[in-house]
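Descriptive analysis of the structure
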Amino acid sequence: MNWLNEFKAALVSENLDRIEYLINNYPPKLSPEELECTAELLKSAAQLFRNRQKELEVELKKVKKAKKYDF
């Protein structure tokens, strides 16, 4: 499986660890079409990371709130 297909698969499965690994290990040579596709996929990946960050912030607030009422 080539890098671009692996990245797509990681994005679809929302595998953040794999996405991060692939971003850090992208191939040095991509065609202009692959670069264009990669740019769009990176935008989607960034949005996925932002969404996950928001979800974690909500969970952290819940934990802090519950900790206040811990007897």
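Each remark here, short or long, concerns the structure printed above.
Below or above, wherever it landed, is the structure these notes cover. This is a predicted model, so every value here is computed, not measured.

Rules behind the numbers
- Sequence order as written defines residue numbering, which begins from 1 separately in each chain.
- With the structure being a predicted model, the display of local features is reserved for residues of pLDDT at least 70 and the display and counting of side-chain atom pairs for 80 or more, all residues being used for whole-chain, interface and lining totals.
- The basis for the side-chain values is all heavy atoms of the structure; hydrogens and waters are excluded.
- Each Phe, Tyr or Trp ring, with Trp reduced to its six-membered ring, pairs with another whose centre is within 6.5 Å; inter-plane angles below 30 degrees give stacked pairs, above 60 give edge-to-face pairs, and intermediate values give tilted ones.
- Put simply, DSSP marks the helices as runs of H or I at least four residues long and the strands as runs of E at least two long, and each gets a number from the N terminus on.
- Buried, partly exposed and exposed residues are distinguished by accessible area as a fraction of the type maximum, computed with a 1.4 Å probe on protein chains only: under 20%, between the cut-offs, and over 50%, respectively.
- Here the arc refers to the directions that run from the helix axis out to each C-beta atom.
- For this analysis, residues touch if any pair of their heavy atoms sits within 4.5 Å.
- Whenever a nitrogen or oxygen atom comes within 3.5 Å of another N or O atom, the pair is scored as a polar contact, on the condition that within protein one atom can donate a hydrogen and the other can accept it, and that pairs from neighbouring residues in sequence are kept only if both atoms are in side chains.

**Thoughts on the packing of aromatic side chains**
Under the defined criterion, the tally for this structure stands at 1 aromatic pair. Centre to centre, the rings of Trp3 and Phe7 are 5.2 Å apart; their planes meet at 25 degrees, and the pair counts as stacked. Of this pair, Trp3 and Phe7 both sit in helix H1 (residues 3-12), 4 residues apart, which is roughly one turn of that helix. Note on accessibility: Trp3 and Phe7 belong to one class, buried.

**Structural notes on H1**
Taken together, the buried positions of H1 are occupied by Trp3, Leu4, Phe7, Ala10 and Leu11. Projected onto a plane normal to the axis of H1, the buried residues spread over an arc of 125 degrees and lie on a single side. Summarising the contacts, the buried residues of H1 are in contact with helix H2 (16-24) and helix H3 (32-68). Backbone nitrogen of Leu4 and a side-chain oxygen of the N-cap are separated by 3.2 Å at the start of H1; the cap is Asn2. Note on H1: the residue one or two positions beyond its end, Glu14, has a positive phi of about 55 degrees.

Fair warning: the whole summary comes from geometry, so function is off the table for now.
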